[in-house]
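Here's the letter readout for the chains.
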Amino acid sequence: MAPMGIRLSPLGVAVFCLLGLGIIYHLYAGVISNRLSAFRQVKKVDLRELLAVSMEAAVLGGKEVKRVREENSLNEKSKGETREGAEELMTTGDLQSHRKMFNLLSNTFPDVKVHSEEHDNALDSVTWDKKIPAEILEKVKESTEVPADSITVWIDPLDATQEYTENLVKYVTTMVCVAVEGRPVIGVIHLPFTGLTAWGFVGQGSNVHARSSYTYNPPKVIVSRSHPGKVNKFIQDAFGNSTTIIRAGGAGYKVLSLLDIAASDSGPMDQADVYVHITFIKKWDICAGAALLKALGGHMTTLKGEDIDYSGTPLNKGGLVATIGENHKSIIEKLPNWDPEHANKSV
């Protein structure tokens, strides 16, 4: 309250307040600006480093997968059934591999979205030693940075779980895929029981190669062993009754069957010309293979030849066709009309 006889002018009070605010702004504008700038700054990730960590994650997960299998401590449980009526299993190998892979990637790149086939809240302090393998440095000469929020990482801690429980370990892989704006860019497929780690970085290089030649009249077609659906008739309608159909476990293994991969002690590697899947399939199963093929000039699309978006929901409803070389379009054109959405559950 003003002293008696003195009357405060509203205009004067307003001017005084504005002057005060001006002084405060002048004193703290720099601090506020810096904080806002830091808040707005886009966080970026070096894809070469992410490739190195993806390789390490796949190998770490693979060690857990192999250890559990050799100890015969699988403790398999059913997660339910696929649309085709095949049982989906989870083992201790799946879970332990997930913990290593998911936590290594999340601990190293906390701003990147990581999607895994398995779900578990257990934390693991596993960290990256910040060493990039020489084979990556040899092929990927420079760093490439992209916004962290443009990246989606898909991991499959144990591909071919059904075969894993049957001790058909040649089909088993651990996989990591990096997609940028929904496009597969980095793919890592690790074979725990042979030690092979295949990787590809689109536009940069790969440590594996396509075969020197492929046959398409008719092709050898590799399909799912545990989720075949009505694929036999589908393949024969497309390429004829003399077409060789190879049944195999694991989407990662099927992609490797298209490449020049040497045989191993765990069994000879199948060699196929085309990989076909006619029912629903999850993106953590196929993203790594899509990136690896793309890095080698190959293709993986839906049955209709559409690109698959590796962001958003995990389910790919369009089936898939994977090839190497320039024959992808002609292969797509030979396929009969098929809608995976309405595929019958009987096999």
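Structure shown above.
Residues numbered from 1 in each chain as written. Predicted model: local features only at pLDDT ≥ 70, side-chain atom pairs only at ≥ 80, totals over all residues. Heavy atoms only, no water.

Novice: Can you walk me through the state of the cysteines in this structure?
Specialist: In a disulfide, the sulfur atoms of two cysteines are covalently bonded to one another. Across all of its chains, the model carries one disulfide by this definition. Here Cys177 engages in a disulfide with Cys287; their sulfurs sit 2.0 Å apart. A torsion of -40 degrees about the S-S bond marks the disulfide between Cys177 and Cys287 as left-handed. Taken together, the positions of Cys177 in strand 7 (residues 173-180) and Cys287 in helix 8 (residues 283-295) put the pair 110 residues apart, joining distant regions of the chain. When its relative accessible area of 1% is taken as the criterion, Cys177 is described as buried. The exposure class of Cys287 is buried, given its relative accessible area of 0%. (Disulfide = S-S within 2.5 Å. Helix = DSSP H or I, 4+ residues; strand = E, 2+ residues; numbered from the N terminus. Buried < 20%, exposed > 50% of the residue type's maximum accessible area, 1.4 Å probe, protein only.)

Novice: How should helix 6 (residues 231-239) be read in this particular structure?
Specialist: Residues three or four positions apart in an α-helix share a direction because the helix packs 3.6 residues into each turn. Considered for burial, the residues of helix 6 that qualify are Val231, Phe234, Ile235, Ala238 and Phe239. The buried residues of helix 6 occupy one face: seen down the axis, they fall within an arc of 100 degrees. Buried residues along helix 6 sit in contact with strand 11 (220-224), strand 12 (244-248), strand 13 (274-277) and helix 9 (328-334). Positive backbone phi, at 105 degrees, marks Gly240, one or two positions downstream of helix 6. (Arc of directions from axis to C-beta. Contact = heavy atoms within 4.5 Å.)

Novice: Where do I start with the pattern of salt bridges in this structure?
Specialist: When their charged atoms lie close together, side chains carrying opposite charge are able to pair. The tally for this structure, following the rule as stated, stands at 10 salt bridges. Here Asp124 makes a salt bridge to Lys100, at a shortest N to O gap of 3.2 Å. Here Lys100 lies in helix 3 (residues 92-108) and Asp124 lies in the loop between strand 4 (113-116) and helix 4 (134-139), a separation of 24 residues in the sequence. For Lys170, the salt bridge is made with Asp270, and the minimal N-O distance between the two is 3.6 Å. (Salt bridge = Lys/Arg side-chain N within 4 Å of Asp/Glu carboxyl O.)

Novice: Sorry, what's going on with the sheet that holds strand 7 here?
Specialist: Two orientations exist for strands paired in a sheet by backbone hydrogen bonds: parallel and antiparallel. If you walk across this open sheet you meet the six strands as 4-6-7-8-9-10, and the pairing is mixed. Each edge of the open sheet is held by one strand with a lone partner, namely strand 4 and strand 10 (205-206). Alignment of strand 7 against strand 8 (residues 183-190), held across seven bridges, turns out to be antiparallel. Across the sheet, Cys177 pairs through a bridge with Gly187, a residue of strand 8. Together, strand 6 (151-159), strand 7, strand 8 and strand 9 (197-201) form the strand contacts of helix 2 (residues 47-71), whose direction differs from that of strand 7 by roughly 160 degrees. Running over the sheet, helix 8 touches strand 4, strand 6, strand 7, strand 8, strand 9 and strand 10 and is turned about 100 degrees from strand 8. (Pairing = 2+ DSSP bridges. Axes fitted to C-alpha atoms, helices over the stretch in contact; angles between N-to-C directions.)

Novice: I keep staring at the pairing of strand 17 (residues 320-323) and nothing clicks. Help me out?
Specialist: As a general feature of sheets, a regular strand has side chains that alternate between the two faces. Every second residue of strand 17 is oriented toward a common face, with Leu320 and Ala322 on one face and Val321 and Thr323 on the other, all of them buried. Both strand 13 and strand 17 contribute to a ladder of four bridges, which runs antiparallel. Across the sheet, residue Val276 finds its bridge partner in strand 17, namely Val321. Both strand 15 (residues 299-301) and strand 17 contribute to a ladder of three bridges, which runs antiparallel. Pairing of Thr301 across the sheet is with Val321, part of strand 17.

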